[in-house]
Amino acid sequence: MRTSRFLALTIALGSMTVAGPHRAPCAPNFIVIVADDLGFGDLGSYGNTEIRTPALDRLAAEGVRLKEFYTPAPTCSPARAALLTGRHPLRTGVTRVFVPKEVQGLPAEEITLAEHLKDLGYATACIGKWHLGGRKQHRPPSHGFDEFFGVLYSNNMVWLQRFNWPRIELFDGNRSIESPADTSFLTRRYTHRAIEFIHRKRDAPFFLYVAYTMPHIPLAASPEFTGRSRYGPYGDVVEELDASIGHLMAELQRAGLAGDTYVFFTSDNGPWLGDESTPGGATGGLRGFKGTTWEGGLRIPLIAWGPGRLPSGVVREGVASLLDLFPTISGLAGADLPADREYDGADILPLLRGKSMPSPRDLFFSNRQEVDAVRSGHWKLHLRERVIGPQGRPRKSRDIDPPRLYRLDQDPGEEEDVAGSHLEVVSRMRQDAEQFQSETKATLKLWPFGRAIIRGLLTPAP
Ligand code: MG
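What counts and how
- Residues numbered from 1 in each chain as written.
- Predicted model: local features only at pLDDT ≥ 70, side-chain atom pairs only at ≥ 80, totals over all residues.
- Heavy atoms only, no water.
- Helix = DSSP H or I, 4+ residues; strand = E, 2+ residues; numbered from the N terminus.
- Rg over C-alpha atoms; globule rule 2.2 N^0.38 Å.
- Buried < 20%, exposed > 50% of the residue type's maximum accessible area, 1.4 Å probe, protein only.
- Contact = heavy atoms within 4.5 Å.
- Areas by Shrake-Rupley, 256 points an atom, 1.4 Å probe, with all protein chains shown as cover.
- Lys, Arg positive; Asp, Glu negative; His and termini not counted.
- Charge placed at Lys NZ, Arg CZ, Asp CG, Glu CD.
- Polar contact = N/O pair within 3.5 Å; in protein donor to acceptor, adjacent residues only side chain to side chain.
- Pairing = 2+ DSSP bridges.
- Axes fitted to C-alpha atoms, helices over the stretch in contact; angles between N-to-C directions.
- Donors = N, O, S within 2.8 Å, 3.2 Å for Na, K, Ca; no water.
- Tetrahedral: all angles 85-135°; square planar, octahedral: opposite > 155°, others 65-115°.
- Phe/Tyr/Trp six-rings, centres within 6.5 Å; stacked < 30°, edge-to-face > 60°.
- Lys NZ or Arg CZ within 6 Å of the ring centre and 35° of its normal.
- Expected span 1.5 Å × (residues − 1).
- Core = buried A, V, L, I, M, F, W, Y, C linked by side-chain atoms within 4.5 Å.

Peer 1: Explain the overall build of the protein residue by residue, including any values.
Peer 2: Counting its secondary structure elements, the protein contains twelve helices and 16 strands. For a compact globule of 462 residues, the expected C-alpha radius of gyration is about 23 Å, and the protein comes in at 21 Å, within 12% of that figure. The buried share among the 462 residues of the protein stands at 58%. Taking all contacts inside the protein whose residues are at least 6 apart in sequence as the whole, residues at least 24 apart take part in 68%. Here the protein displays about 18,600 Å² of accessible surface, and carbon together with sulfur accounts for 53% of that area. Averaging the locations of the 55 positively and 54 negatively charged side chains of the protein gives two centres separated by 5 Å.

Peer 1: Please give an account of the side chain of R384 that cites residues and values.
Peer 2: Summarising the element assignment, R384 is placed in strand β15 (residues 379-388). Among the residues examined, R384 registers a relative accessible area of 14% and is labelled buried. Within the local environment of R384, its side chain forms a polar contact with the side chain of E370, the two groups lying 3.5 Å apart. When residues no more than four places from it in sequence are discounted, the contact partners of R384 are T293, E370, V371, D372, S397, R398, D399 and I400.

Peer 1: Break down the sheet that holds strand β7 (residues 175-178) for me, citing the residues and quoting the values.
Peer 2: Spatial ordering of the open sheet is given by β7-β6-β5-β4-β8-β1-β9-β10-β2-β11, a layout of ten strands whose pairing is mixed. In this open sheet, the two strands that pair with only one neighbour each are β7 and β11 (314-316). Neighbouring strand axes in the sheet, compared pairwise and without regard to direction, differ in orientation by 15 degrees on average. In this sheet, strand β10 (residues 302-305) lies alongside strand β9 (residues 261-267) in antiparallel orientation, the contact comprising four bridges. Within β10, the residue paired with F265 across the bridge is I303. Against the sheet, helix α2 (residues 54-61) touches β2 (64-66), β9 and β10, its axis set at about 60 degrees to β10.

Peer 1: Just give me the short version of unusual backbone geometry, but keep the residues and values in it.
Peer 2: With an omega of 0 degrees, the peptide bond running from M214 to P215 counts as cis. Looking at the secondary structure, you find P215 in the loop between β8 (206-211) and α7 (232-254). Here the bond from I217 into P218 is cis, since omega is -5 degrees, no more than 30 degrees from zero. In the Ramachandran plot, D37 falls in the positive-phi region, its phi being about 65 degrees despite a non-glycine side chain. Within the fold, D37 resides in the loop between β1 (29-35) and α2. D37 sits in the buried class, given a relative accessible area of 0%. Phi is positive for K101, which is not a glycine, with a value near 75 degrees.

Peer 1: For the coordination of the magnesium ion, give the residues involved together with the corresponding values.
Peer 2: For the magnesium ion, the protein coordination sphere consists of D36 (OD), D37 (OD), C76 (SG), D268 (OD), D268 (OD) and N269 (OD1), at 2.0 to 2.7 Å. Taken together, the six donor atoms coordinating the magnesium ion span angles of 53 to 161 degrees at the metal, a pattern that classifies the geometry as irregular. D36 sits in the buried class, given a relative accessible area of 0%.

Peer 1: Which residues make up the side chain of T292, and what values do they have?
Peer 2: For T292, the location among the structural elements is in the loop between β9 and α8 (295-298). According to the relative accessible area criterion, T292 is buried, its value standing at 4%. Within polar-contact distance, the side chain of T292 engages the backbone oxygen of F289 at 2.7 Å.

Peer 1: Account for the packing of aromatic side chains, with residues named and values stated.
Peer 2: On inspection of all chains with the given rule, the structure shows 15 aromatic pairs. Each ring, one from Y234 and one from W272, has its centre 5.7 Å from the other, and the planes form 80 degrees; the classification is edge-to-face. Taken together, the residues Y234 in helix α7 and W272 in the loop between β9 and α8 connect sequence positions 38 residues apart. In this structure, R407 is placed above the aromatic ring of W379, and the distance from its NZ or CZ to the ring centre is 5.7 Å.

Peer 1: Lay out α7 with the relevant residues and their values.
Peer 2: Three- or four-residue spacings in an α-helix give side chains the same orientation, since the helix completes a turn every 3.6 residues. Counted at 1.5 Å a residue, the expected span for α7 with its 23 residues is 33 Å, and the 33 Å between its end C-alpha atoms agrees. In the segment just after α7, G256 is the residue with positive phi, at about 75 degrees.

Peer 1: Summarise the nonpolar core; cite the residues concerned and give the values.
Peer 2: By size, the foremost hydrophobic cluster in this structure holds 58 residues, and its most contacted members are F30, L66, L117, F207, Y209, F264 and L352. With five residues, helix α3 (residues 76-85) is the single largest residue contributor to this core. Discounting residues that sit within four places of it in the chain, F207 has contacts with F30, V32, L84, L113, A114, L117, Y122, A123, T124, A125, F145 and F197.

Keep in mind these numbers describe shape, not what the thing actually does.
Following this line, the structure appears as structure tokens:
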């Protein structure tokens, strides 16, 4: 923290000694863009031939694209907590999605990337879907964001459709400005607000976190994009998302900030697959979908863009995850990580620049309070799995006995269980999972859904 303060002071002094408010050369801007439930195979640059994504394909052509990028958990809130804190869901305790009205949320003790960068003098904004708690003390303004424009929950969290309750509310700061919000315009409104922020903060280093609501169901595109894609409603919303991000990037260039800004584009988890009448997202041939710890639920796109500072048009192999964005951005900002806590990610700048990472790392995947799967080198071990109910809906988890082992470099589709012929690998990885499980005891214990909903209803907001 001391280093952070020193840097903040340096930045402040730097801006005073040069005429006008000037950025220090070591303080680049950061834009992190997250799509909701966008699959590993939904972008042209990731092999999709149906959905048109020219803006994101251009971002990939000018930046670095990762082929083995993961979320540590295949649902919204745990993934977002991991991204914004750099800490595993089993460590923060954010092990399931938050529901409307509930009284629990991302604990105040967690340091978000916004809080970390704010210490360095950054202006911060959260635009889009938050999903880390809806009570005032858990919202973005209480977690280091100067500004918030967006929704607190997923757009499907309307329990009583007939009464439109609870409503999807659009917030500006802590003020509800539209209820129910018209979700068909959210993509465009988020982008407009993001562009306005960029122009307003062009002279200060900024961290802009844009978490689009789409393509999470229920799908909604604006009239301009509805019925336009040959891939149906899912294609419509992804194509609108792409065009909107293209608009954002054009405005970044117009503001003269392209050389001072790093952009990271990713998703929070794998896609829901839809059905024959309304196909959902694509996993790029990987097994499983959102809510499962098969590769299709966990693997997501990552595009890192920083012309002149990151390579352009390259694809990197090498395992990385949402947990790495905090340390990587922290490193690019010239800051040390807070020393009072464990971080599960690493600075992946070497990987982005084509060098090998200092040490190979295991990745642990969870779906609630347990490690369900582990990736170690080319191996992936499955210890637990979600039972899949009607319409592909994941239900509760159960142990897999004996565990299943897949060799991902030869079998990316996780089809051939080779545990029987690699018992020593299974044993080592299982021990690693048990060790990780035992060392990540979170203070936050989230209640089961039923209790969370009832307690939320019985506890009105002050
Ligand atoms: Mg999601």
